[in-house]
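Spelled out from the first residue to the last, the chains are:
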Amino acid sequence: MLNTLPNTLSRAEAEFRALQARGATFLGTEMAIMGGAMSWVSERTLVAAISNAGGFGVIACGSMSPALLEAEIAATQALTQKPFGVNLITMHPQLDDLVRVCLAAKVGHIVLAGGIPPGPAVRAVKDGGARLIAFAPALVLAKRFQKSGVDALVIEGSEAGGHIGPVSLTVLAQEILPHIRDLPVFVAGGLGRGEAILGYLEMGAAGAQLGTRFAASAESVAHPNFKAAFIKANARDAIPSIQLDERFPVIPVRGLVNEGTKKFLAHQAETVRKFQAGELDKTAAQLSIEHFWAGALRRAVVDGDVEGGSVMAGQSVGMVTAIQSVADILAELTSQAVAALVARAERR
Ligand SMILES: Cc1cc2nc3c(=O)[nH]c(=O)nc-3n(C[C@H](O)[C@H](O)[C@H](O)COP(=O)(O)O)c2cc1C
């Protein structure tokens, strides 16, 4: 952009800001970029870093107890004056208590993930004055959530890291964005560059949510081995978990191929053999398959066991080429989007 006229550049910057205005106003931020909640990764340091840099950090509550969540929120508030959110998993047995903790701490935005948000939790969030964000995996659910009082939606494509649905963001965005105009919709999954974010904003998205790029940031507390694995990996290395036998469903989770993913296939084969030999009943066999990954994300993120643990990562991992600060990542996304707008203006 060295030869770009100053006017063209400032117009492009203003245009990118304007495209983000709805999402940024909703979040109370400078940029309409959310840091997707990542269990074990999205804690006080990373969340505060994202919010302090102008984005919107989100604490991943995961399986934390209400007391632990309360402490994590307080610690995050000590590191940033800027808004941030909390992501709660709907099947957490103490969901209502967790909502109460968020409301008491004046968390402004609560994300309910991992299923259809239950009515009592939706009402509690709304009555408590917080904004409610939900994941919409299909247009019909997006419309239902709109009626049930949800304030914003995330549509997350199967390119994303972690637990995934079956449909790519390319398709979800086309199915949902033209039809949901009354709620801000944030797009997620496989986003690594500013031009792509710009494209979705122009299709009507209010903003974007990124996980993988922030997991490998300088401020991320993930183990150095975890970040090194991200830098080394290509998009094709981030694959969904494989189900061996349709009688024993496997929840699709996208992560890097490693020894653990190979052992998981062998474990499923052995479990199916035991079931067929009458050594395990169906419930015990299913539980044995489900328990294989228990604690595995923690092992990878915290202990750095990137061969045996679960290295959840999106296909965007191929665009992670260095450890960058959160501020540099956000600045890079902006400059890529702005460069695309400048190039367009110069073609006219
Ligand atoms: C390591 C990791 C852990 C994640 N954990 C969660 C989680 O606990 N809750 C959740 O709603 N999403 C989780 N996600 C999904 C992210 O919030 C985000 O939507 C996703 O990473 C976006 O796709 P991207 O990774 O291609 O940017 C996780 C993703 C990763 C990479």
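What you see is a predicted model, and the numbers here were worked out from it, not measured in a lab.

Participant: Is there a simple way to think about the sheet that holds strand β10 (residues 238-240) in this case?
Facilitator: Sheet strands associate in pairs through backbone hydrogen bonding, adopting either a parallel or an antiparallel arrangement. Here 3 strands make up an open sheet; going across it, the order is β7-β11-β10 and the pairing antiparallel. Both outer strands of the open sheet, β7 (162-163) and β10, are each paired with one neighbouring strand and no more. Bridge count between β10 and strand β11 (residues 253-256): 3 bridges; the pairing is antiparallel. Opposite A238, over in β11, you have L256 as the bridge partner.

Participant: Please clarify how the packing of aromatic side chains should be interpreted in this entry.
Facilitator: Given two aromatic rings, their pairing is described by the distance between the two centres and the angle made by the two planes. Summed over the entire model, instances satisfying the criterion amount to 6 aromatic pairs. Geometrically, the ring pair formed by F264 and F292 is tilted, given 5.1 Å between the ring centres and 40° between the ring planes. Remark: F292 occurs in the loop between α12 (282-291) and α13 (296-301) and F264 occurs in helix α11 (residues 259-276); sequence separation between them is 28 residues. Residues F264 and W293 carry aromatic rings whose centres are separated by 5.5 Å and whose planes lie at 55° to one another, so their mutual orientation is tilted. Highlighted residues: F264 in helix α11 and W293 in the loop between α12 and α13, separated in sequence by 29 residues. Exposure remark for W293: the relative accessible area of 23% places this residue in the partly exposed category. Feature note: the residues F264, F292 and W293 constitute an aromatic cluster, connected by ring pairs. For K282, the ring lying beneath its charged end belongs to F248, and the centroid distance is 5.7 Å.

Participant: Where do I start with the site of the ligand in this structure?
Facilitator: Taken together, 19 residues surround the ligand, and among them A37, S39, E156, G190 and T212 come closest. In this structure, an oxygen atom belonging to the ligand sits 3.5 Å away from a main-chain N or O atom of G161. Contact with the protein chains removes 94% of the 610 Å² of surface that the ligand exposes when unbound. Among the residues making up the shell around the ligand, the classes are represented as 7 nonpolar, 11 polar and 1 charged.

Participant: How should I be thinking about the nonpolar core in this particular structure?
Facilitator: With 82 residues, the main nonpolar core has L69, L88, I110, I155, F214 and F230 as its most contacted residues. Counting residues per element, this core draws most heavily on helix α14 (residues 326-347), at 8 residues. If you look at the next biggest cluster of nonpolar residues, it comprises 15 residues, including A32, F56, V58 and A188.

Participant: Can you walk me through the pattern of salt bridges in this structure?
Facilitator: It is possible for side chains bearing opposite charge to pair when their charged atoms get close. This structure, assessed with the given rule, holds 12 salt bridges. In this structure, R247 and D245 form a salt bridge, with 2.8 Å as the shortest nitrogen-oxygen distance. The salt bridge partner of D303 is R298, with a shortest N-O separation of 3.7 Å. Residues participating in the shared-partner salt-bridge network are E270, R273 and E279.

Participant: Help me understand the sheet that holds strand β3 (residues 85-89) in this model?
Facilitator: Here 8 strands make up an open sheet; going across it, the order is β1-β9-β8-β6-β5-β4-β3-β2 and the pairing parallel. A single partner strand is all that each edge strand has here, and the edge strands are β1 (33-35) and β2 (58-60). Geometrically, the sheet is characterised by an average inter-axis angle of 25° between neighbouring strands, direction not taken into account. Examined bridge by bridge, strand β5 (residues 131-135) and strand β6 (residues 152-156) share 3 bridges and lie parallel to one another. From the neighbouring strand, F135 faces β6, where its bridge partner is V154. Seen against the sheet, helix α3 (residues 66-79) touches β2 and β3 and runs at an angle of roughly 150° to β2.

What counts, and where the lines are drawn
Residues numbered from 1 in each chain as written. Predicted model: local features only at pLDDT ≥ 70, side-chain atom pairs only at ≥ 80, totals over all residues. Heavy atoms only, no water. Pairing = 2+ DSSP bridges. Helix = DSSP H or I, 4+ residues; strand = E, 2+ residues; numbered from the N terminus. Phe/Tyr/Trp six-rings, centres within 6.5 Å; stacked < 30°, edge-to-face > 60°. Buried < 20%, exposed > 50% of the residue type's maximum accessible area, 1.4 Å probe, protein only. Lys NZ or Arg CZ within 6 Å of the ring centre and 35° of its normal. Near = heavy atom within 4 Å. Polar contact = N/O pair within 3.5 Å; in protein donor to acceptor, adjacent residues only side chain to side chain. Areas by Shrake-Rupley, 256 points an atom, 1.4 Å probe, with all protein chains shown as cover. Nonpolar A, V, L, I, M, F, W, Y, C, P; charged D, E, K, R; others polar. Core = buried A, V, L, I, M, F, W, Y, C linked by side-chain atoms within 4.5 Å. Salt bridge = Lys/Arg side-chain N within 4 Å of Asp/Glu carboxyl O. Axes fitted to C-alpha atoms, helices over the stretch in contact; angles between N-to-C directions. Contact = heavy atoms within 4.5 Å.

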